[in-house]
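# An overview of the molecular structure
The lines below spell out each chain.
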Amino acid sequence: MKLNPKQDEAVKYISGPCLVLAGAGSGKTRVITNKIAYLVQECEYQAKNIAAVTFTNKAAKEMRERVLQTLGKKESKGLWVSTFHTLGLEVIKKELKTLGYKPGFSLLDDQDTNQLLSELTEKELEKDKDLLNLLKMQIGNWKNELILPQRAIQEAREPQKALFAQLYARYQIQLRAYNALDFDDLIMIPTLLLGQNSTVRERWQSRFRYLLVDEYQDTNTSQYQLVKLLVGERARFTVVGDDDQSIYSWRGAKPQNLVLLSKDYPGLRLIKLEQNYRSVKRVLKAANILIANNPHEFDKKLFSELDMGEPIRVIATRDEEHEAERVVAEIISHKFMKRTSYRDYAILYRGNHQARVFEKSLMSNRIPYKISGGMSFFSRSEIKDIMAYLRLLVNQDDDNAFLRVVNTPRREIGPVTLEKLGSLANERHIGLFAACFEQELTHRLAGRGYNALMGFARWVVELSDRAVRGDTLEAVKDMVREINYEAYLYESSPSAKAAEMRMKNVSELYKWITDMLTGDADNPPMTLPEVVSKLTLRDMLERNEEEDDSDAVQLLTLHASKGLEYPHVFMVGMEEGFLPHQTSIDEENVEEERRLAYVGITRAQETLTLTYAKNRRQFGDVSTPELSRFVLELPQDDLHYEGKKKTVASQNERMEQGQARVANLRAMLKR
DNA sequence: TGAGCTTCATTTTTT
DNA sequence: ATGAAGCTCA
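- Looking at an unreviewed UniProt entry, chain A carries the name ATP-dependent DNA helicase Rep, with the source organism given as Pseudoalteromonas aurantia 208.
- Taken from UniProt, the Subunit (unreviewed entry) comment for chain A reads in full: "Homodimer."

## Some words on the overall build of chain A
- Tallying secondary structure elements over chain A gives 31 helices and 19 strands in all.
- In terms of overall dimensions, chain A is globule-like: its C-alpha atoms have a radius of gyration of 28 Å, near the 26 Å expected for 671 residues.
- Taking the principal axes of the C-alpha coordinates as reference, chain A spans close to 105 × 65 × 55 Å.
- Looking at the 671 residues of chain A, the share that counts as buried comes to 53%.
- Across chain A, every contact between residues at least 6 apart in sequence was considered, and the portion connecting residues at least 24 apart equals 76%.

## Some details on the protein's contact with DNA strand B
- Surrounding DNA strand B, one finds 20 residues, the nearest of these being Asn57, His85, Arg350, Asn352 and Thr557.
- When atoms of DNA strand B within 4 Å of the protein are split into backbone and base, the sugar-phosphate part holds 49%.
- Contacts to DNA strand B include Arg410, whose side-chain N or O atom sits 3.4 Å from a phosphate oxygen.
- Between DNA strand B and His559, the relevant distance is 3.4 Å, taken from a base oxygen to a side-chain nitrogen or oxygen of the residue.
- Split into classes, the residues belonging to the surface near DNA strand B amount to five nonpolar, ten polar and five charged.

## Some thoughts on the protein's contact with DNA strand C
- The full set of residues close to DNA strand C is Arg356, Phe619 and Gly620.
- Sugar and phosphate atoms constitute 22% of the interface atoms of DNA strand C, taking the interface as everything within 4 Å of the protein.

## Quick look at the pairing of strand β1 (residues 18-22)
- When you tally the buried positions in β1, you get five out of five residues, the bulk of the element.
- Taking every second residue as pointing to the same face, both faces of β1 are buried, with Cys18, Val20 and Ala22 on one and Leu19 and Leu21 on the other.
- Summarising the sheet, β1 and strand β8 (residues 269-273) pair through five bridges and their orientation is parallel. Residue Ala22 lies in a different strand from β8, and its bridge partner there is Leu273.
- Summarising the sheet, β1 and strand β7 (residues 237-241) pair through four bridges and their orientation is parallel. Counterpart to Leu19 in the pairing with β7 is Val239.

## Brief notes about helix α15 (residues 320-338)
- Spanning 19 residues, α15 covers 27 Å between terminal C-alpha atoms, matching the ideal 27 Å at 1.5 Å per step.
- Taken as a whole, α15 has its buried residues at Glu320, Glu323, Ala324, Val327, Val328, Glu330, Ile331 and His334. All buried residues of α15 lie within an arc of 150° about the axis, which places them on one face of the element. In α15, the exposed positions that point more than 90 degrees away from the buried face belong to Phe336 and Met337.
- For α15, the N-terminal cap is Asp319; the gap from its side-chain oxygen to the backbone nitrogen of Glu321 is 3.1 Å.
- A positive phi of about 55° marks Arg339, the residue just after α15.

## Section: the sheet that holds β8
- Taken in spatial order, the six strands line up as β3-β2-β6-β7-β1-β8 in an open sheet, and their pairing is parallel. Only two strands of the sheet have a single partner each, and these edge strands are β3 (80-83) and β8. Neighbour-to-neighbour, the strand axes of this sheet turn through a mean angle of 15°, independent of strand direction.

## A closer look at the nonpolar core
- Membership of the largest hydrophobic core comes to 56 residues, with the highest contact counts inside it found for Phe402, Leu453, Phe456, Leu509, Leu528 and Leu535.
- The dominant element in this core, judged by the number of residues it contributes, is helix α22 (residues 447-469), at ten residues.
- With residues near it in sequence (within four places) discarded, Leu509 still touches Phe377, Phe378, Ile383, Ile386, Met387 and Leu535.

## Structural notes on the UniProt feature "binding site: ATP" (unreviewed entry) in chain A
- The feature "binding site: ATP" (unreviewed entry), as given by UniProt, occupies Ala22, Gly23, Ala24, Gly25, Ser26, Gly27, Lys28, Thr29 and Arg278 in the numbering adopted here. Over a stretch of 257 residues, the named residues converge on one spot in the fold, their C-alpha atoms separated by at most 13.4 Å.
- Note that Gly25 resides in the loop between β1 and α2 (28-42).
- With near-sequence residues (within four places) excluded, Gly25 lies in contact with Gln275, Asn276, Tyr277 and Arg278.
- With respect to the secondary-structure elements, Ser26 resides in the loop between β1 and α2.
- Setting aside residues no more than four positions away along its own chain, Ser26 makes contact with Gln7, Leu273, Gln275, Asn276 and Tyr277.

## Quick notes on the packing of aromatic side chains
- One pass over the structure, following the stated rule, counts 16 aromatic pairs.
- Between Phe55 and Phe84, the aromatic rings sit 5.2 Å apart at their centres with planes inclined by 50°, giving tilted as the arrangement. Of this pair, Phe55 sits in the loop between β2 (50-54) and α3 (57-75) while Phe84 sits in helix α4 (residues 84-94), and the two are 29 residues apart along the sequence.
- We classify Phe55 as partly exposed; its relative accessible area is 23%.

## Considering the pattern of salt bridges
- Considering all chains together, one arrives at 54 salt bridges under this definition.
- Arg313 serves as the salt-bridge partner of Glu642, at 2.9 Å between the closest nitrogen and oxygen. Residue Glu642 is located in strand β19 (residues 639-642), and its partner Arg313 is located in strand β11 (residues 312-317); the two are separated by 329 residues in the primary sequence.
- Judged by its relative accessible area of 17%, Glu642 falls in the buried class.

## Notes on the sheet that holds strand β16 (residues 604-613)
- Overall, parallel pairing links the seven strands, which are arranged β13-β14-β12-β15-β16-β11-β19 in an open sheet. Whereas interior strands pair on both sides, the edge strands pair on one side only; in this sheet they are β13 (369-371) and β19. The sheet shows a mean angle of 20° between the axes of neighbouring strands, direction not considered.
- Alignment of strand β15 (residues 566-571) against β16, held across five bridges, turns out to be parallel. Its bridge partner lying in β16, His568 is registered against Thr607.

## Comments concerning the side chain of Gln354
- Among the secondary structure elements, Gln354 is positioned in the loop between β12 (345-349) and α16 (355-364).
- Exposure remark for Gln354: the relative accessible area of 6% places this residue in the buried category.
- A distance of 2.7 Å separates a polar atom in the side chain of Gln354 from the backbone nitrogen of Gly351.
- The residues contacting Gln354, other than those within four sequence positions of it, are Tyr349, Val572, Gly573 and Phe578.

Quick notes on the rules
Residues numbered from 1 in each chain as written. Chains lettered and ligands numbered in written order. Predicted model: local features only at pLDDT ≥ 70, side-chain atom pairs only at ≥ 80, totals over all residues. Heavy atoms only, no water. UniProt positions renumbered as here; feature names shortened; annotations may be inferred. Helix = DSSP H or I, 4+ residues; strand = E, 2+ residues; numbered from the N terminus. Rg over C-alpha atoms; globule rule 2.2 N^0.38 Å. Buried < 20%, exposed > 50% of the residue type's maximum accessible area, 1.4 Å probe, protein only. Contact = heavy atoms within 4.5 Å. Near = heavy atom within 4 Å. Polar contact = N/O pair within 3.5 Å; in protein donor to acceptor, adjacent residues only side chain to side chain. Nonpolar A, V, L, I, M, F, W, Y, C, P; charged D, E, K, R; others polar. Pairing = 2+ DSSP bridges. Expected span 1.5 Å × (residues − 1). Arc of directions from axis to C-beta. Axes fitted to C-alpha atoms, helices over the stretch in contact; angles between N-to-C directions. Core = buried A, V, L, I, M, F, W, Y, C linked by side-chain atoms within 4.5 Å. Phe/Tyr/Trp six-rings, centres within 6.5 Å; stacked < 30°, edge-to-face > 60°. Salt bridge = Lys/Arg side-chain N within 4 Å of Asp/Glu carboxyl O.

Laid out in structure tokens, this is it:
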């Protein structure tokens, strides 16, 4: 398919900074991939001097595949396509010396971070999960704003913030001691480094001579700065975004960065992609009218050359069970009449808990479905265990990993032994693992504990030596075998079946690890540290293609639906307090909720159905929610109401009628 | 260490 | 209502 004029302009404008405002379904990925191809084929850029950055691994993978399709393997060789975090990791890896980290540093995920923080606060916060989360969020915010502990301490006003700032300082020191980084560090540290060190900055600026960024409205301050520093004075870059699809401000995204960009780069070329290739005219009209209720920095109006499409249905149901049954019934009959597939249908909701009723209903009707979210593979305890072992092999300063692993499976190394080991490590300012080899330890520990601990420590040393020396695959293999993990799982799981499941996960992980260590035609073998960080970043890329050929109805949150499309979309729970979520109403942040609704609507290709329940059991008792204001904001002529219509509009009508009657009575009385 | 009890919340999530 | 997660007592 040929590019439309706007897309073509976006592809061919390469002489300066470029902002592409790409509406939903306007072919932004096409623009990015074609632009990369254009740079290589027509503009004498080498692929290795181009970087494309995304937020998720999924998006990076998709982009890489599409570039490969247009450019071919040879011409795209060396092209850098990754998430922000993987890019940051690359910078850190290459600048280790300057930064003063040791090779083989660990990456801590969210859970590890929590654990570390609760240790730092002497477990004071362990029970107070809210406070712990608040602390973690605050630290994350500081890092996203590129504020180091020192400045955080200076600027803290309220006592709580001052305390948090102190903890932030200690947290960063602890991370250093562990030779570890958290996810936010992967952005903050390279950004600060590039800002301070002009040699390093120039090195990276000449490595990446053209930069493309996807989903720009989701960038936070540190990511914005990172991009700015990477492109430097030359400012050869293209960023693609849509302020109307900014739905992540609650985790630090600054859609204002789109505006900031035109201030930072006065020569910025702004290109709007307004033709939508996804949705039917009516859906688009509804989306446009809805989002027009939000204030805008950039005016943008999507249009479509597809059919008008059917009216948007608004279905009232008795309660949430009826809602679920109704939606499922609609899917069944629609599929039967139109001969579609299950995968053509998506049910979108605001909160994960809403999925349950729909699952139940789908299940009892024996309809295959796929649900997004839930416990992720990598937060399962068996996976975390194995990952901790690997981390310890790679980085013996990682006390976090040490503690997780030292007595799992049981090695008779109890809290008393660890307590003593810990205090020795503290006195000497060394890690727990290093403390195992202190002479002093023999005096402090009883024979049994000491022997158990030494047995473990020596075992780790031996394995890690082998892994470093190049016998990595065998070392990992032996490790998994020697810890007898399977036996441990059967012992500690509530049922044999659960143990089996968990062992299956472990085998899966093990298979990935061996594949990555071995390499294949397209991928060179990786070192163990590389494997560990890749796995922590969930960046498995080409491997492990979970090709989804299953034909199933899709259940997902509105957030998770961004970037996806379905022929037939059901948005359920269209109620005040639910779609504009109550907390957002209270915090007067309805605009982001409206964008969320906008994202949902623009997922639909052909038909869109909105449902709501007139009674909803919530928190134990029954409430009678009102139809979402967003439905009332849609063009009413394009809606088709079904079920007993009890909208706010009709309530208003009734009220007006009532008032009129009262007025009449008054008038009569006067006479 | 574990079954059974109480308590508790109940938006969105990636890396 | 409901389910998860922590907690207690044996």
